[in-house]
Amino acid sequence: MTSSPLAEKVPKPLKELTQSFTESVKATGIPDAIFSHEHESEAHKMWRSHANHSGDSSQPHPVPGIQSSQATGVIYITNRAQAAGFGPGVEGWANCGQGAPETGLIPGAAPKPSTLDFGEYGDDIHEYAPTAGFKPLREAIADYYNREFRQDKSMKYGPENVCVVPGGRGGLSRIAAVLGDINLGFSVPVYSAYEQMLSAFSRFVPIPTQTEAKNGYTLTAEEIRKEILGRGLSAFLLSNPNNPTGRQIHGQELADLVKVGRDTECSMILDEFYSWYQHTGELGKAVSAARYVEDPNEDPIILIDGLTKNWRCPGWRVCWVVGPSELVSALSAAGSFLDGGASHPMQCLAIEMLKPERVEADRLALQRHFRMKRNHVLERLEKMGLSIANPPDSTFYIWVDLKSLPAPLTSGMVFAEEALKEKVIVVPGIFFDVNPSRRRNILHSPCESYSELALVPRKSCICVTCSTMTDRSPSLPLRQSDFRLALHSKSLTWVWMASKG
Ligand SMILES: Cc1ncc(COP(=O)(O)O)c(C=O)c1O
């Protein structure tokens, strides 16, 4: 009996495929086992040899007296991409490394202000703004929290509970600058810039707690209580919603977390930069611990947010920290020697951004837009054979578990290097395993087999990304680099097998 042409297209059994696949990997010289030490991996060695990633602080800096700080993981991978030809305006690249909100107009959002009448504010606008911020803006921020999250609470936030800061990292640095000789807990994986921030201020001891896939990459309030009591923590830092896992503590669990802070007298520092990026539940809602604070001046709850992500204005550098008034005084003092305060004119312009009608329209537009992107990319990843067990419920990141791929692509570092050959920028998971002492074999990091993928600004880019990685036509001759990535993505294994005949 002769088989029909259609029958020939029926996929081969998985075992057979895997076997021929393994043989092909061997033929390329790529080891088929996971490395046991980072010294065996070119990708890891390259990263270690990059300025200041050696973990050896005894190496002198060429400029006397300087000990340069490490560049963040995103900068490292962007530099690697630049070495491979990536740059502004260069076609064909998909940058899923640098997470960025859509800064242009999105459907349904209010157009951003394009002018500022300095005259309206008088000559004072050219003066320094107070290091705690321009009072009318502080009032507008307090009103925002009271209106959005605290209508039912008798105790409200006031301007004395708000400190305007020059950007999110500026605010986090001010917080770090006022922490005392304490143990500071934090959960990992987390926003990679925390690493440098936690290293730069040496008074406190940062103590990580790893979140796990089986728990959806979040900690319960009870687990955090145990960490606080067991390790003697006086403050706990959480990115909530979390960059990079895209998961968050919300609802009753968040209420319980606020209570844990109150009961244990441990300051909860909640980085809420992605509080509007909600992918599930009713459209138009945001998540903030502000909803569960009873007394703004007594509860040790410190919130940080700003125009960077939710308002889609990262370049404005206008952000804020909200908490007890005594904290605001300390942050204001830190601002007087750290940064001198946020730009006065931009703070004036920011008042417009806090107007209720604008907030409502923008948040709705943002959620519609980013839910569409998130669903699109998840669907495409699924088709590639990279199904996401814990899809993001928030943020614009996807935390991709690479364990289902053949080694060595199970390593986020190797995966990122291979992806660069396909003009796709992704960030290796280890950069989010914030490890301020930098002393361990990084292959032992629980984040080693992960990669972060950011939902890139334009939909067209997402298509480039996914098509680069999944839709290469079988009829195209395969270059060595195609072959290597193709081999390592299950769906492309199919394509390659098909093209081989
Ligand atoms: C979790 C988190 N916090 C803070 C920031 C910093 O914001 P900014 O760019 O305003 O410094 C970012 C930016 O990526 C972030 O992801």
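- The chain is annotated in an unreviewed UniProt entry as PLP-dependent transferase from Pseudomicrostroma glucosiphilum.
- Among the UniProt annotations of the chain, the heading Cofactor (unreviewed entry) holds the following wording: "pyridoxal 5'-phosphate".

Digging into the overall build of the chain
So, point 1. Of regular secondary structure, the chain possesses 16 helices and twelve strands.
So, point 2. Residues classed as buried in the chain amount to 43% of the 501 residues present.
So, point 3. In the chain, once contacts between residues fewer than 6 apart in sequence are set aside, the share between residues at least 24 apart is 74%.

Concerning the confidence of the model for the chain
So, point 1. The share of residues in the chain with pLDDT of 70 or more is 80%, and the mean pLDDT across the chain is 83.
So, point 2. Predicted confidence is poor over residues 24-33, with pLDDT under 50, and the contacts of this stretch with residues over four places away or in other chains come to 13 contacts.
So, point 3. The low-confidence segment residues 459-501 (pLDDT under 50) makes 69 contacts with residues lying over four places distant or belonging to another chain.

Things to note about helix α4 (residues 73-83)
So, point 1. Within α4, burial applies to G73, Y76, I77 and A81. Down the axis of α4, the buried side of the element spans an arc of 140 degrees, and every buried residue falls inside it.
So, point 2. In this structure, the buried side of α4 is in contact with α3 (42-49), α13 (412-421), β10 (424-425) and β11 (427-428).
So, point 3. Residue G85 follows α4 closely and has a positive phi angle near 110 degrees.

A word on α13
So, point 1. Most of α13 is tucked away: nine of the ten residues are buried.
So, point 2. If you check which residues of α13 are buried, you get G412, M413, V414, F415, A416, E417, E418, A419 and L420.
So, point 3. Where α13 terminates, the next one or two residues include K423, which has phi positive at roughly 60 degrees.

Describing the sheet that holds strand β9 (residues 397-401)
So, point 1. In space, the three strands of this open sheet follow the order β9-β12-β11, with antiparallel pairing throughout. Single-partner strands in this sheet number two, and they are β9 and β11.
So, point 2. Sheet topology places β9 next to strand β12 (residues 450-454); five bridges connect them, and they run antiparallel. Residue pairing across strands places V400 opposite S451, the latter belonging to β12.

A look at the sheet that holds strand β3 (residues 183-188)
So, point 1. Strands sit in the order β2-β8-β7-β6-β5-β3-β4 across an open sheet of seven strands; the sheet is mixed. At either margin of the open sheet sits one strand with a lone partner, and together these are β2 (162-165) and β4 (205-210). Averaged over all pairs of adjacent strands, the angle between strand axes in this sheet comes to 20 degrees, irrespective of strand direction.
So, point 2. Relative to strand β6 (residues 267-271), strand β5 (residues 233-239) is paired through five bridges, and the arrangement is parallel. Looking at the pairing, L238 lines up with L270 of β6.

Section: unusual backbone geometry
The phi torsion of most residues other than glycine is negative, and most of the peptide bonds are trans.
So, point 1. The step from N240 to P241 runs through a cis peptide bond, and the omega angle for that step is 0 degrees.
So, point 2. Tracing the backbone through its elements, the reader meets P241 in the loop between β5 and α9 (251-264).
So, point 3. Cis geometry marks the peptide bond from N243 to P244; its omega dihedral reads 25 degrees.
So, point 4. For R312, which is not glycine, the phi torsion reads 60 degrees and is therefore positive.
So, point 5. Here R312 lies in the loop between β7 (301-306) and β8 (319-322).
So, point 6. Notably, R317 is not glycine yet its phi reads approximately 60 degrees, a positive angle.
So, point 7. Within the secondary structure, R317 sits in the loop between β7 and β8.
So, point 8. Note on R317: 20 C-beta atoms within 10 Å, which makes it buried.

Remarks on the environment of D181
So, point 1. Following the sequence through the fold, D181 ends up in the loop between α6 (168-178) and β3.
So, point 2. Beyond its immediate chain neighbours, meaning those up to four positions away, D181 contacts R203 and F204.

Considerations on the pairing of β3
So, point 1. Across the six residues of β3, five count as buried, placing the element largely inside the fold.
So, point 2. For β3 and β4, the ladder comprises six bridges, and the chain directions are parallel. Within β4, the position partnered with L184 by the bridge is P206.
So, point 3. Crossover connection from β3 via helix α7 (residues 193-200) to parallel β4: handedness right-handed.
So, point 4. Taken together, the four bridges between β3 and β5 define a ladder with parallel strand orientation. Bridge assignment links N183 to a residue of β5, and that residue is L233.

A few points about the nonpolar core
So, point 1. V164, F236, I302 and V321 are the most contacted members of the largest nonpolar core, which totals 116 residues.
So, point 2. Both domains that furnish three or more residues to this core are identified here as domain 1 (13-57 + 67-104 + 376-500) and domain 2 (118-361).
So, point 3. With residues up to four places along the chain from it excluded, the contact list for I302 reads I175, S267, M268, I269, L270, V321, G323 and L327.

What about the site of the ligand?
So, point 1. Surrounding the ligand, one finds 13 residues, the nearest of these being G167, G168, R169, Y191 and T308.
So, point 2. Across the shell around the ligand, the residue classes break down as four nonpolar, seven polar and two charged.

The rules we used
Residues numbered from 1 in each chain as written. Predicted model: local features only at pLDDT ≥ 70, side-chain atom pairs only at ≥ 80, totals over all residues. UniProt positions renumbered as here; feature names shortened; annotations may be inferred. Helix = DSSP H or I, 4+ residues; strand = E, 2+ residues; numbered from the N terminus. Buried ≥ 20, exposed ≤ 12 C-beta atoms within 10 Å, placed from the backbone. Contact = placed C-beta atoms within 7 Å. pLDDT = per-residue confidence, 0-100. Arc of directions from axis to C-beta. Pairing = 2+ DSSP bridges. Axes fitted to C-alpha atoms, helices over the stretch in contact; angles between N-to-C directions. Right-handed = clockwise from strand over helix to strand, strands pointing away. Core = buried A, V, L, I, M, F, W, Y, C linked by C-beta atoms within 7 Å. Domains from an automatic or database assignment. Near = placed C-beta within 6 Å. Nonpolar A, V, L, I, M, F, W, Y, C, P; charged D, E, K, R; others polar.

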